Amino acid sequence: MSFTVHHPASVSDAVALAERYGADGRFLAGGTDLIIQIHRKRLASQHLIDLTGLAELRAIEDAGDEIRIGALATHKAIERNPLFQGALVALAEAARVVGGHQVRNVGTVGGNIANASPAADVVAPLLALEAEVVLQGAAATRRVRLRDFLAGPGRTMRGDGELVREVHVAKPPPRSATAFLKAGRRKAMEISVVCVAARLTLDDAGRCAAARIALGAVSATTMRAEAAERALEGALLTDDVLRDAGRLAAGACHPIDDVRASARYRRLLVEALVPRALARCVERISGRRS
Amino acid sequence: MTRVPLTLSINGEMHELLVAPHWTLLYVLRTVIGLSGAKENCLEAECGVCTVLLDGKAVNSCILLAEQCRGRSIVTIEGLGTSGQLHPLQEAFIRHGAVQCGYCIPGMILTAKSFLDETSGRVPTRDEIREAISGTLCRCTGYQKIIDAIAAVAAETKGGT
Amino acid sequence: MRANRNLVAGQRLPRLDGAPKVTGRFVYGADFALPGTLYGKVLRSQVPHARIVRIDTGRARAMPGVRAVITAADIPATRFGNAIKDQTVFATDTIRFLGHPLAAIAATSVEAAEQALAAIEVEVEALPALYDPEAALASGAPLLHRDWHDYVALPFISRDGNVAGRTRMHGGDVAAAFAQAHRVYENRFTTALQHAGYTEPRAASAAWDGGDTLTVWTNAQLPFEVQTTLADILGMPTSRIRVIVPGVGGGFGGKLRIGVEHFAALLARQCGRPVKMVTTSEEELIAAHPRQAAIITLKTGVDRDGRILARQGRVIVDCGAYSGSGPGTGAVALQCLVGPYRTPNLEMESLAVYTNKVPSGSFRAPSGPMANFAVESQMDMIADDLGIDPLELRLRNIVRDGDTGPAGEVLRAVSIEECLRRAADAIGWHDRRPAPGRGKGIACSWWMTTGGSSGVYLKLNTDGSVNLASGAVELGTAALTGAAQVLAEQLTLDLEDIRIAPVDTQSTPYDYGAQGSRTAFSVGNACIAAAEDLRRQAFAVVARHLGLPADEMRLQGKCVVAGEHRVPLSEVARLSQLGGGGLIAHGTAINPPPAYDAARVENHPLPVWNTPSFHAHAADLSVDRDTGEITIHRYVVVQDVGYAINPTYIEGQIEGGVSQGLGQALSEEIVYSDGRVLNANLTDYKMPTSLDVPPIESILVECPSQAGPYGAKGVGEPPCIEPPATVANAIAAATGLWVTSLPITAEKVLLSLRKEYPQAVDHRDSARD
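Not measured: the values here are computed from a predicted model.

A.B. asks: Hey, could you run me through the overall build of chain A in this one?
C.D. replies: Across its full length, chain A holds 11 helices and 14 strands. Seen through its C-alpha atoms, chain A measures out along the principal axes to roughly 55 × 45 × 30 Å. Relative to its full complement of 290 residues, chain A shows a buried share of 59%. Long-range pairs, those at least 24 residues apart, make up 61% of the contacts in chain A between residues at least 6 apart in sequence. For chain A, the exposed area adds up to about 11,000 Å²; of that, 48% sits on carbon and sulfur atoms. Seen as two clouds, the 40 positive and the 32 negative side-chain charges of chain A have centres 6 Å apart.

A.B. asks: Just to check I follow, could you spell out the sheet that holds strand β22 (residues 503-504) of chain C for this structure?
C.D. replies: Strands belonging to one sheet form pairs held by backbone hydrogen bonds; the direction of such a pair is parallel or antiparallel. Residues and elements named next belong to chain C. Spatially, 8 strands are ordered β3-β6-β1-β14-β11-β12-β13-β22 in an open sheet, and the strand pairing comes out mixed. In this open sheet, the two strands that pair with only one neighbour each are β3 (66-71) and β22. The strands that helix α3 (residues 110-118) touches are β1 (38-44), β3 and β6 (101-107); relative to β1, the one it contacts most, it runs at about 30 degrees.

A.B. asks: In this structure, what is going on with the side chain of C:Asp31? I would like to understand it.
C.D. replies: Within the secondary structure, C:Asp31 sits in the loop between α1 (18-22) and β1. Classification of C:Asp31 by relative accessible area gives buried; the value is 11%. Separated by 2.5 Å, the side chains of C:Asp31 and B:Lys39 make a polar contact.

A.B. asks: I'm lost on the interface of chain A and chain C in this one. Help?
C.D. replies: The parts lose accessible area when they come together, and the size of an interface is often stated as this lost area. Listed as interface residues are 21 residues of chain A and, on the opposing side, 33 residues of chain C. The junction of chain A with chain C conceals about 2,100 Å² of combined surface from both sides, 50% of it contributed by carbon and sulfur atoms. Where chain A touches chain C, the interface holds 7 salt bridges.

A.B. asks: Before we go on, may I ask you to explain the packing of aromatic side chains in this structure?
C.D. replies: To describe a pair of aromatic rings, you give the distance between the ring centres and the angle between the ring planes. Counted by the stated rule, this structure contains 11 aromatic pairs over all chains. When the ring of B:Tyr103 is compared with that of C:Tyr28, the centres are 5.0 Å apart and the planes differ by 85 degrees; the resulting orientation is edge-to-face. Of this pair, B:Tyr103 sits in the loop between α2 (88-95) and α3 (105-118) while C:Tyr28 sits in the loop between α1 and β1, each in a different chain. The pair formed by B:Tyr103 and C:Tyr28 is uniform in burial state, with each residue classed as buried. Taken together, a centroid distance of 5.3 Å and an interplanar angle of 40 degrees make the contact between C:Tyr643 and C:Tyr710 tilted. Linking C:Tyr643 in the loop between β29 (630-640) and α16 (647-666) with C:Tyr710 in the loop between β32 (696-701) and α17 (723-735), this pair joins segments that are 67 residues apart in sequence.

A.B. asks: Explain the sheet that holds strand β2 (residues 50-56) of chain C to me, please; I cannot follow it from the model alone.
C.D. replies: Residue and element names in this part refer to chain C. Reading across from one edge, β5-β2-β7 is the order of the 3 strands in this open sheet, with antiparallel pairing throughout. Bordering the open sheet on either side are β5 (94-95) and β7 (121-126), each of which pairs with just one other strand. Two elements, β2 and β5, share 2 bridges in a ladder whose sense is antiparallel. Considered in β5, the bridge of Arg51 is made with Thr94.

A.B. asks: How do you make sense of the domain arrangement of chain A when you look at a structure like this?
C.D. replies: Residues and elements named next belong to chain A. Each domain of chain A was delimited in the assignment, giving domain 1 (4-48), domain 2 (58-170) and domain 3 (176-285). Taking only C-alpha atoms into account, the centre of domain 2 sits 20 Å from that of domain 3. Domain 2 puts 26 residues into the contact, and the matching count from domain 3 is 25 residues. One salt bridge in this structure joins Glu93 and Arg284, with 2.6 Å as the shortest N-O distance. Those elements giving two or more residues to the side of domain 2 that touches domain 3 turn out to be α4 (89-95), α7 (123-128) and β8 (150-152). In terms of residue count, the dominant contributor to the side of domain 2 that touches domain 3 is α7 (5 residues). In the side of domain 2 that touches domain 3, the residues fall into 18 nonpolar, 4 polar and 4 charged.

Rules of the game
Residues numbered from 1 in each chain as written. Chains lettered and ligands numbered in written order. Predicted model: local features only at pLDDT ≥ 70, side-chain atom pairs only at ≥ 80, totals over all residues. Heavy atoms only, no water. Helix = DSSP H or I, 4+ residues; strand = E, 2+ residues; numbered from the N terminus. Buried < 20%, exposed > 50% of the residue type's maximum accessible area, 1.4 Å probe, protein only. Contact = heavy atoms within 4.5 Å. Areas by Shrake-Rupley, 256 points an atom, 1.4 Å probe, with all protein chains shown as cover. Lys, Arg positive; Asp, Glu negative; His and termini not counted. Charge placed at Lys NZ, Arg CZ, Asp CG, Glu CD. Pairing = 2+ DSSP bridges. Axes fitted to C-alpha atoms, helices over the stretch in contact; angles between N-to-C directions. Polar contact = N/O pair within 3.5 Å; in protein donor to acceptor, adjacent residues only side chain to side chain. Buried area = accessible area lost by both parts, 1.4 Å probe. Salt bridge = Lys/Arg side-chain N within 4 Å of Asp/Glu carboxyl O. Phe/Tyr/Trp six-rings, centres within 6.5 Å; stacked < 30°, edge-to-face > 60°. Domains from an automatic or database assignment. Nonpolar A, V, L, I, M, F, W, Y, C, P; charged D, E, K, R; others polar.

This is the structure we're talking about:
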């Protein structure tokens, strides 16, 4: 276990270092996963590029149509930010159940995305919100859809020299709401056995204008349940319709058996939690519950 | 092995150190400086006994590289109060019977302090307190008397400590 | 609770070691380090069962920073163990579990030691392994200990091949009673391996003085057992081994048996420098001393009114690769499986069985929760089947004062009815199913106050304070604060006048140890005896000084009062130092077991329970029918403590014990697959967080014992006995089905509701009320 820690003074310095060290380099944000992986000897980076000092990456900005979340925004910052108390509340709901306060005080949104764990809580609402990721390289900056960015468990389309700089989330239209639900064996400190994020927009007649459903921990990456989304769009959201969406989502996922749960149970959870998350969105839109 | 110079501010005192890049803050506190109030257990941010304050916020020192603390302020349990002059949280933990084996208690108290400072200006509910300490495992107490102690301080100080 | 006339005992006073603990100044075993210490690490096997072909440490010895490397080849193959001497320090020729120690290394840093471990070459030849204790019992199963017959064992233990201990209790004629019964119920229950979960890992530092005297600083629960075990391993007289206990960060039984002390001692001897060892979470979960997994079958015959006619039970505890605490754990399950119920005919058997898994230990109330889960789940199934309220069924069957217990002993100070009724009242039993998916459950039990002797020394100081030296370790329970309260009361002192000396086998008197709910009870009794000795000596000092008769003196307000004269204890200390070498008092205590019928018990280490306590728990919870998730709203414990020496810390014991019990009930298990632990980290070994533990209401009943200080009974272990059964019964009230396998995860609940899980008893089609 031997490496050098670099403390770049700017984002461009950080990216230049990453470019120089290529596969031997690794960005260090909160470190809540990276340091554990290094200590478990699953990762042997020679150069850690510490982003902690780059205040410009911490900002959460309201840019009119969209919200720009700096990669270094902590889970605590998301949880506490008033921008995520309305239609985007699923993000705060997800951030609030990541680890304990100690982890949320340092763990970052950028790290959560770049890590690409299929069980990452914050990724589910971002996917349901069709977030986009801004990647900065030494030569160019590009903006990609989060769903394209996630390539597999622990794998993304980020190049060695590229930094996850920001995540952009479009503000949903009026009569929209989001919700996030998570199941684990305990009520805190859990890696999701299943997590579900939903985003719903209703038209004036109360029909579903748009639905987005993201599922965590049931496939190689956090996934969208598109068949369920299509079945909802244009429909009046009766209990039966919501239940059918749950069944469609459960049918579309590819869970595995592991020490945390069986594939069978995970599928049943998807079937249960998808309608529940959608129902919560409906309640939020109709203002019955915030 | 390579060592890099590092100055750390711990409990208001500056420490000039030579550290290996992979040393965690917990290792530096316990083994290099000799402050054993931050405890060692899982080393994976699951149990919370290593909790310290970094710029006033509770963090797991077991997964934080010492180098990440460059230029920031660290407070450990030893910096909070002494037997002669206990911090209100320390006093309340004793008074409410919240201490059994005590191994998680430094982390609990610092987590509580960080949380009460975060909610400064209002009195958090018992449920909020329960949630706030969920990242620190206690095997002895069932948490109830710990929550009692924190709630009492919260009520006395309106949050911030 | 009764009115308490004492000024110190029975009061809610703060513990004596609170300030150092909250300020981070308290030194635990894991904090302790000697100057110039090296760091030790253990190489553990990566396979569950194998013959060792070759271990080559050549490369490791040459690595930078390495100062000592030891394998079985370097030390005599001495066997040690608590009940059966079946273990060696390192695997000699056979690896018996994944995690089995193969070698140990001391180096200048933990990292250097770990790198050197990786350089040791191990070649093995796999052997067929046994993971299931029932398979290990089958005829023709391979013998896991071919030399078992040659092992030295405690005389009462009955062994046979893979069976490390068999115990029986019986009375009456079970077959005849079953034949006459109105109904006979038979169920099978299984429970999982549970880690004690102390937050401080096991740790030890060892240093040799001139080569023939060893000092070990360790966070062990039983320093005197560590001393004798080290004497066995090292082939040394016990007096040359000094065991000092700094602070202990929780034990719960997991730190009873030797942990890493022997590795530290051997390494320190080889390299001539102090060595410190601390276990990792992974080592804790693959190679510590967890609570045994158990398989329990229970058959009960009842009459038309639900009165128990006969019970037949069999408990199989999975010891793992070595017997550890298994034989005793299996045995005490039997009393718990009978329960606090009149049982005219009974036949109970326990088997402690070897498998190729982690050697297990004795976690808090060792087999109590498993046996109670079986008997109390079944009581509810019977009640439901007969259409009798579960509380009423229990009240019809519970033991009463003067009844005989399972070993034929006469039961005294029986309070189970009060415990049950108050628990039912507190949880609102009249409304047992307040909403769909919501239910309330109740369970009750009894438990022993473990015997064993205690000695204490007292030293009177010239400031009037008293040093209390006991060999019992303060694990965190505040049991020593409790004993000090008893002592202060006896000597008319304040609690703050008592100074508790650190445990050191060289200077503190013997104690059977911090285990078995006995510490405050037994050390408290020794304190009463020592206080009597101190009074006697103090009166003699004053008698000599004033020329007054000692038999008319008394202690009052920290003074010896003799007629008009009041001599402060500080002055007594000074006088004693002037003429008598200072005042040292000594007291001892042992709680002898009650008389019993030896014909009813075979091969049992604790055939009859000392000073039993009685208790009942009740829970109110909801079951999410779509996800299986359990949410406990309220939890009530009514516990007969005899006399509450310090109600605050008794509540602490209850709240913490319930929390551990709920962990066993709902979330905790060390999961094995093909001999490998799948969750050897605290991410996936799930102990309850603050959000998992509901509000707990403690109600203390004081039905005084004849044996304990001021009538006290053992307190520490019972609170973790009933939670699994209480939760199972509340889930059944909410859903109509019992999950009969611990932990009762949300997954098991949901699959049971869907009839997809086999280990459940489903009464939904036949529910009567």
